[in-house]
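Commentary on secondary and tertiary structure
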Amino acid sequence: MQDCDVLILGAGAAGLFCGIEAARRGRRVVILDHAQAPGEKIRISGGGRCNFTNLHTTPERFVSENPRFAASALGRYRPADFLARVERAGIAWHEKTLGQLFCDGSARQIVTMLTDDLRAAGAELRLGVSIGAVRQAAGFVVETSEGSFRAASLVVATGGKSIPKMGATGLGYRIAEAFGLALTETRPGLVPLTLAEQDLARTAPLAGVAVPARVRFGRQGFDEAVLFTHRGLSGPAILQISSYWREGESITIDLLPGTDLGALLRGQRASAGKVALHNALARHLPERLAAFAVAEAGLSGRLADQGNAALDRLVAQVQGWTLRPVGSEGYRTAEVTLGGVSTAALEARTLQARAVPGLFFIGEVVDVTGWLGGYNFQWAWSSGWAAGQVA
Ligand code: FDA
């Protein structure tokens with residue numbers, strides 16, 4: 001039996017950060033992971049540059065059955081706190097857009113910063129370890145391929161189900177269930193949406209086109225780029241809305257947000273009406289998209305030949321395009337897993353299970369999922385930090 005004070009399952013963003021904090025308090029910390037390297041998702045994140053936080057982090061930018069739950073941890077360990085650490089480590093960074101902070105160099109710098117801090121704090125990292133049964137017996141006992149570990153505190157930081165190829169498993173959910181903790185429904189988030197065959201047949205010529213747009217589902221809307229693909233829709237605006245969209249429902253796309261297209265077209269009709277309608281529209285949209293929208297609206301011919309009702313139809317097509325995706329690309333490509341260990345089962349301040357003292361859940365395994373743009377790492381740091389103060 002190998003004894004320690006804090007046993008952390010998962011050497012991802014949340015587990016590493018929690019391990020540093022707990023070890024700095026003088027706790028004997030062991031982190032176990034079945035992967036051969038720590039922080040693999042950090043390494044591939046943000047296109048290899050790691051979007052490590054977002055300056056505009058607020059609880060409203062997280063999806064959860066109880067969005068207020070995240071406020072405590074996010075408020076106690078803030079983006080500025082993590083940024084200060086990045087600067088102390090001498091890692092150059094920049095704001096790309098919308099408060100999203102990235103490394104100038106490589107995401108590996110963040111992994112190195114965390115593993116250096118972990119080593120300096122005296123925590124032990126054990127990789128390539130398979131985790132078996134977990135039970136309570138004078139603390140928590142975890143059976144592994146490297147023998148049994150016993151600890152007073154057990155921190156589950158095994159992430160979600162996204163990208164199984166990179167080692168994602170449902171282990172954290174199984175542990176929660178075994179201890180009687182409630183789970184909320186899990187589904188892929190921040191994921192491209194797929195279209196039905198008949199829609200794809202029409203949108204096929206658009207594959208590769210990207211445009212700034214406003215995508216809406218219900219009351220939620222995002223102003224970012226949409227990318228048309230061979231399977232359906234992608235780009236940041238689509239990934240964002242995918243975390244809200246529900247199967248069987250439609251989304252609405254405004255391909256010219258903030259533009260009075262009707263007024264523009266009527267003006268063009270008066271001044272230069274001889275031009276073909278799709279060419280008139282191509283002044284505002286990529287050519288392929290303009291031709292598509294005109295065909296979808298059932299129109300053809302010159303701009304001058306269109307009545308107001310026809311122009312209204314075109315405007316509705318371009319600025320209120322309603323589409324019903326058939327599904328998503330699933331966990332294979334999803335950046336995150338929505339849902340997870342119910343926030344009702346956890347203390348917001350510590351991430352400790354209310355009914356099982358000493359058992360903690362942090363990071364993506366919890367039913368707290370951020371928007372695209374660095375929010376998910378901030379949740380990993382904040383929740384890891386909060387648990388690390390008490391575990
Ligand atoms: P994480 O998944 O990082 O770590 C879990 C760890 O547990 C892994 O090391 C895994 O091997 C281990 N584990 C799982 N099951 C196990 C088992 N059965 N036995 C032993 N170990 C087990 N977010 C963001 O804010 N900015 C960004 O730029 C990006 N970019 C990005 C790109 C891509 C391609 C993806 C897939 C995701 C992102 N994300 C992101 C999301 C971000 O990566 C994610 O939210 C965090 O990594 C979650 O941190 P966790 O520590 O909770 O889980």
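Residues numbered from 1 in each chain as written. Predicted model: local features only at pLDDT ≥ 70, side-chain atom pairs only at ≥ 80, totals over all residues. Heavy atoms only, no water.

Heads up, the rule is: UniProt positions are given in the numbering used here, feature names are shortened, and annotations may be inferred rather than shown by experiment.
As recorded in an unreviewed UniProt entry, the protein chain goes by the name Aminoacetone oxidase family FAD-binding enzyme, listed as coming from Phaeovulum veldkampii DSM 11550. Listed under Cofactor (unreviewed entry) in UniProt, the entry text for the protein chain is "FAD".

**Observations concerning the overall build of the protein chain**
Short version of the rule: Numbering goes from the N terminus for both helices and strands, where a helix is a DSSP run of H or I of at least four residues and a strand is a run of E of at least two. Summary of the burial criterion: residues with accessible area below 20% of their type's maximum are buried, those above 50% are exposed, and those between are partly exposed, where the area comes from a 1.4 Å probe applied to protein chains only. In what follows, a contact means two residues having at least one pair of non-hydrogen atoms within 4.5 Å. Computed by Shrake-Rupley with a 1.4 Å probe, the accessible areas treat only the displayed protein chains as cover when residues are assessed. The charged-residue count follows a simple rule in which Lys and Arg add positive charge and Asp and Glu add negative charge, with His and chain termini not counted at all. Note on charges: their place is set at NZ of Lys, CZ of Arg, CG of Asp or CD of Glu.
Scanning the protein chain from terminus to terminus reveals 13 helices and 21 strands. The dimensions of the protein chain, computed from C-alpha atoms along their principal axes, are 85 × 40 × 35 Å. Taking all 391 residues of the protein chain together, 55% fall into the buried category. Long-range contacts, defined as pairs at least 24 residues apart, comprise 71% of the intrachain contacts of the protein chain with a sequence gap of at least 6. By element, 49% of the accessible surface of the protein chain is carried by carbon and sulfur atoms, the whole surface being about 16000 Å². Of the side chains in the protein chain, 40 bear a positive and 35 a negative charge, and the two mean positions are spaced by 2 Å.

**Topic: helix α12 (residues 308-319)**
This is how the line gets drawn: Helix span, expected: 1.5 Å multiplied by one less than the number of residues in the helix.
Under the 1.5 Å per step criterion, the end-to-end length of α12 is 16 Å for 12 residues, consistent within 8% with the ideal 16 Å. Among all positions in α12, only A310, L311, L314, V315, Q317, V318 and Q319 are buried. For α12, the elements touching its buried residues are β16 (251-254), α9 (261-272), α10 (277-281), α11 (287-296) and β17 (321-323).

**Considering the domain arrangement of the protein chain**
This is how it is decided: For the purposes of this description, domain bounds are those given by an automatic or database domain assignment. Throughout, buried area stands for the accessible area (probe radius 1.4 Å) lost by two parts on being put together, summed over both.
Parsing the protein chain into structural domains produces domain 1 (2-188 + 336-388) and domain 2 (192-329). Averaged C-alpha coordinates put domain 1 and domain 2 at centres separated by 39 Å. Every contact between the two is made by eight residues of domain 1 and, on the other side, 12 residues of domain 2. Across the interface of domain 1 and domain 2, roughly 860 Å² is buried in total on both sides, 48% from carbon and sulfur atoms.

**Remarks on the site of the ligand**
Stated precisely, the cut-off is as follows: The near set for a molecule or strand comprises every residue that places at least one heavy atom within 4 Å of it. Two N or O atoms form a polar contact when they lie within 3.5 Å of each other; inside protein one atom must be a possible hydrogen donor and the other a possible acceptor, and for residues adjacent in sequence the pair counts only when both atoms belong to side chains.
Around the ligand sit 29 residues, and of these A14, D33, T169, E364 and F377 come closest. Interatomic distance of 2.9 Å between a backbone N/O atom of N51 and a nitrogen atom of the ligand. Interatomic distance of 2.8 Å between a backbone N/O atom of F377 and an oxygen atom of the ligand. Here the ligand, which alone exposes 1000 Å², has 92% of that area covered by the protein. Listed by contribution, the elements that provide at least two residues to the shell around the ligand are α1 (13-24), α2 (40-44) and α13 (375-388). Of the residues forming the shell around the ligand, the biggest block, three residues, is contributed by α13.

**Some remarks on unusual backbone geometry**
The backbone of I163 shows a phi angle near 55°, a positive value even though the residue is not glycine. Along the chain, I163 turns up in the loop between β10 (147-156) and α6 (171-178). Given a relative accessible area of 17%, I163 falls into the buried group. Unusually for a residue other than glycine, L190 sits at a positive phi of about 50°.

**So, the sheet that holds β16**
Defined as follows: At least two bridges found by DSSP between two strands are what make those strands a pair.
If you trace the seven strands from one edge of the open sheet to the other, you get β17-β16-β13-β14-β15-β12-β18, paired in antiparallel fashion. The open sheet is flanked by β17 and β18 (327-328), the only strands paired with a single partner. In this sheet, strand β15 (residues 232-234) lies alongside strand β12 (residues 193-194) in antiparallel orientation, the contact comprising two bridges. Within β15, the position partnered with L193 by the bridge is L233.

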